[in-house]
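# A look at the structure
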2 protein chains.
Amino acid sequence: MIVVLSGGVGAARLLRALRVVNDPRTVTAIVNVGDDLVMHGLSICPDLDTITYTLAQLNNDELGWGLRGESWRVMQELEAIGGEAWFALGDRDLATHLYRTQRLSQGATKSDVARELAVHFGVLESIQPVSDDSISTMFDTEIGPLSFQEYFVRHHHNVEVRSLSYVGASDAAPAPGVLDALSNAQRIIIAPSNPLISVAPLLAVAGIADIVRSRRDDVVAISPLIQGAALKGPADRLMRELGLQASCVGVAQYYRDFAGTMIIDELDRDRSNEISELDMQVRITTTIMANDQHARALASEVLK
Amino acid sequence: MIVVLSGGVGAARLLRALRVVNDPRTVTAIVNVGDDLVMHGLSICPDLDTITYTLAQLNNDELGWGLRGESWRVMQELEAIGGEAWFALGDRDLATHLYRTQRLSQGATKSDVARELAVHFGVLESIQPVSDDSISTMFDTEIGPLSFQEYFVRHHHNVEVRSLSYVGASDAAPAPGVLDALSNAQRIIIAPSNPLISVAPLLAVAGIADIVRSRRDDVVAISPLIQGAALKGPADRLMRELGLQASCVGVAQYYRDFAGTMIIDELDRDRSNEISELDMQVRITTTIMANDQHARALASEVLK
């Protein structure tokens, strides 16, 4: 069994790459819920949905998020009547949020819903929220406190962040099966997701960090930064703003207690000594997953 | 000023008819909220929306409910992933529910939202929920207790009803302005809506029945039954099941304490004596509103 500590897009692409070399039924994604929000009364779980859609091969490559073949009738109408339309919800995507919200109102958990949606979308991997309890990543910024989606979508992560907090994480219980999966996994992979806003809220849930630390020899982390820059999103900027080095070395420093092995991109080959000095093994490969061959190379390295 | 005690479709058509002979800015619709529901986390107010859509001339005449030019992408997708799709919500219509739910979550009241939507949709009448508090019309039926929409939509009002209750009504406060509007109106009209499930929940709100009774001489009720049958919906069947006479006379008996005048259809001309005996004035006209001429005739009779 393989466990992947997962954010959204980067994790989804890694999970898809793993399929090339590995039976998906042996893979469990433990997914961040710190970005989750209630909007228009709807319970929205962006990371869970990104992973489900990507593994169902329904992801929208043009947008980089959401579902392919999407339409926008509801949002257009909402905008026309003066509603809040800054958080774009496609018509297909809305069906997922209606489904989840209705099931939660009937007493189902986020884990139940994630499992049901995986079945409906024909996904064989186990997709599991880290917790069924509420966790909210909050940003203290130069313009005041912002929720995740206010920071990320409304302000296009273009404001300076002073600190982060993962509200509710320390009181949140790991979802059923999460601790067992981590204890029993042959390999734990920290996906190339944003360390501070995708992986940190996972590690902040009671009990998770302790188990991952105890499994350090079996934990492989993939740097989301290449030559100091994130492929997508604000990981580099955020790390700098919060006093970390914005590079694969900074990522390694951040994960050194949790991961025995760090995978970095070929373009960062010259940084491998700095990471070795952190008592981490270093593996070097292409990490961009730009095509199937590269994805296979990364997946093979991760599972080696 | 004219006040119309309103359910959904029948009231909407009457309000539209009144425009032909009367300035819409002098009309206040006080609208039933006993059909309101939360579905998929969304706050849905069917009667308020039917009236707003109809007065905005956006009502869907083919369906008899909802918006014209409607599309169904979200519902199709919801059904495809195994969601509850028995309560059909069109894509345009969903925008209204997202808007309302978001505004309520921000602390707005149903009255605020009704007013905002009326402005957005260009409606000049004042559209006012009878209460900002929650009222739920519940059906005790041969197959057990059902909510309004379970009875009406899911079971197509095709089960026997033993009793009705308007849960929350006696504790609900009239929305701001409702009692004043009733006190000050020149004329109060009871729309040709279902007496038991559209008008009764209005009258059950604390204070409303007393004021309407005290204004009896200025209250005109329009029978929704013609020759013992409802144009639409289960009014006739329900009246029978609950021990009332399913006819304009039964409607008059039901309203006799509230309305000094009863308007019945020409086809019921032979019942007028029975209604006069209830100490009500009777006016006879066409009540179907099948075309503009008929609508004008009814509106004139109502305001005479």
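Scroll up to find the structure this text is about.
Notes on the structure in this doc start here. These numbers come from a predicted model, not from an experiment.

### Here's the deal with the relation of the copies chain A and chain B
After a rotation of 180 degrees and a shift along the axis of 0.0 Å, chain A superposes on chain B with an RMSD of 0.0 Å. The symmetry that links the two subunits is that of a two-fold axis. Scanning chain A for the C-alpha nearest the rotation axis identifies Gly41(A), at a separation of 2.6 Å. The residues that chain A uses at the interface reappear at the interface of chain B in 100% of cases, marking a shared surface.

### Looking at the packing of aromatic side chains
In this structure the tally under the stated criterion is 14 aromatic pairs over all chains. Arranged with centres 5.7 Å apart and planes meeting at 65 degrees, the rings of Tyr254(A) and Tyr255(A) form a pair that is edge-to-face. Judged by relative accessible area, which is 26%, Tyr254(A) ranks as partly exposed. Ring geometry for Tyr53(B) and Phe121(B): centres 5.7 Å apart, planes at 65 degrees, overall edge-to-face. Of this pair, Tyr53(B) sits in helix H2 (residues 46–55) while Phe121(B) sits in the loop between helix H5 (110–120) and strand E5 (126–129), and the two are 68 residues apart along the sequence. On the basis of relative accessible area, Tyr53(B) is assigned to the buried category, the value being 3%. Taken together, the ring pairs in this structure connect Phe139(A), Phe148(A), Tyr151(A) and Phe152(A) into an aromatic cluster.

### Some remarks on the nonpolar core
As a rule of thumb, soluble globular proteins bury nonpolar side chains together. Ranked by size, the top nonpolar core spans 205 residues in total, and within it Leu14(A), Leu182(A), Leu14(B) and Leu182(B) carry the most contacts. Apart from residues lying up to four places away in sequence, Leu14(A) is in contact with Val4(A), Ile189(A), Ala191(A), Pro192(A), Ile222(A), Met289(A), Leu298(A) and Val302(A).

### Examining the interface of chain A and chain B
Taken together, the contacts link 29 residues of chain A with 29 residues of chain B. Where chain A abuts chain B, roughly 2,400 Å² becomes buried across the two surfaces, and 64% of that area is made up of carbon and sulfur atoms. Among the ionic pairs, Arg92(A) bridges to Glu77(B), the shortest N-O distance being 3.4 Å. Inspection of the region where chain A meets chain B yields 14 residue pairs in polar contact (both at pLDDT 80 or more).

### A word on the pairing of strand E2 (residues 27–31) of chain B
Residue and element names in this part refer to chain B. When you tally the buried positions in E2, you get five out of five residues, the bulk of the element. Of the two faces of E2, the one carrying Val-27, Ala-29 and Val-31 and the one carrying Thr-28 and Ile-30 are both buried. As paired strands, strand E1 (residues 2–6) and E2 are joined by five bridges and run parallel to one another. The residue of E2 that forms the bridge with Val-4 is Ala-29. With helix H1 (residues 9–21) bridging E1 and the parallel E2, this β-α-β connection has right-handed handedness.

### Some remarks on helix H13 (residues 292–303) of chain A
Residue pairs three or four apart in sequence face the same way in an α-helix, which turns once every 3.6 residues. All names here are of chain A. The terminal C-alpha atoms of H13, which comprises twelve residues, lie 16 Å apart, in line with the 16 Å expected from a rise of 1.5 Å per residue. Listed as buried for H13 are Ala-295, Leu-298, Ala-299, Glu-301 and Val-302. Considered in projection along H13, the buried side chains sweep an arc of 160 degrees and stay on one side of the axis. Every exposed residue of H13 that faces more than 90 degrees away from the buried side is listed here: Asp-292 and Gln-293.

Reading the values: rules and limits
- Residues numbered from 1 in each chain as written.
- Chains lettered and ligands numbered in written order.
- Predicted model: local features only at pLDDT ≥ 70, side-chain atom pairs only at ≥ 80, totals over all residues.
- Heavy atoms only, no water.
- Least-squares fit on C-alpha atoms with pLDDT ≥ 70 in both.
- Contact = heavy atoms within 4.5 Å.
- Phe/Tyr/Trp six-rings, centres within 6.5 Å; stacked < 30°, edge-to-face > 60°.
- Buried < 20%, exposed > 50% of the residue type's maximum accessible area, 1.4 Å probe, protein only.
- Helix = DSSP H or I, 4+ residues; strand = E, 2+ residues; numbered from the N terminus.
- Core = buried A, V, L, I, M, F, W, Y, C linked by side-chain atoms within 4.5 Å.
- Buried area = accessible area lost by both parts, 1.4 Å probe.
- Salt bridge = Lys/Arg side-chain N within 4 Å of Asp/Glu carboxyl O.
- Polar contact = N/O pair within 3.5 Å; in protein donor to acceptor, adjacent residues only side chain to side chain.
- Pairing = 2+ DSSP bridges.
- Right-handed = clockwise from strand over helix to strand, strands pointing away.
- Expected span 1.5 Å × (residues − 1).
- Arc of directions from axis to C-beta.

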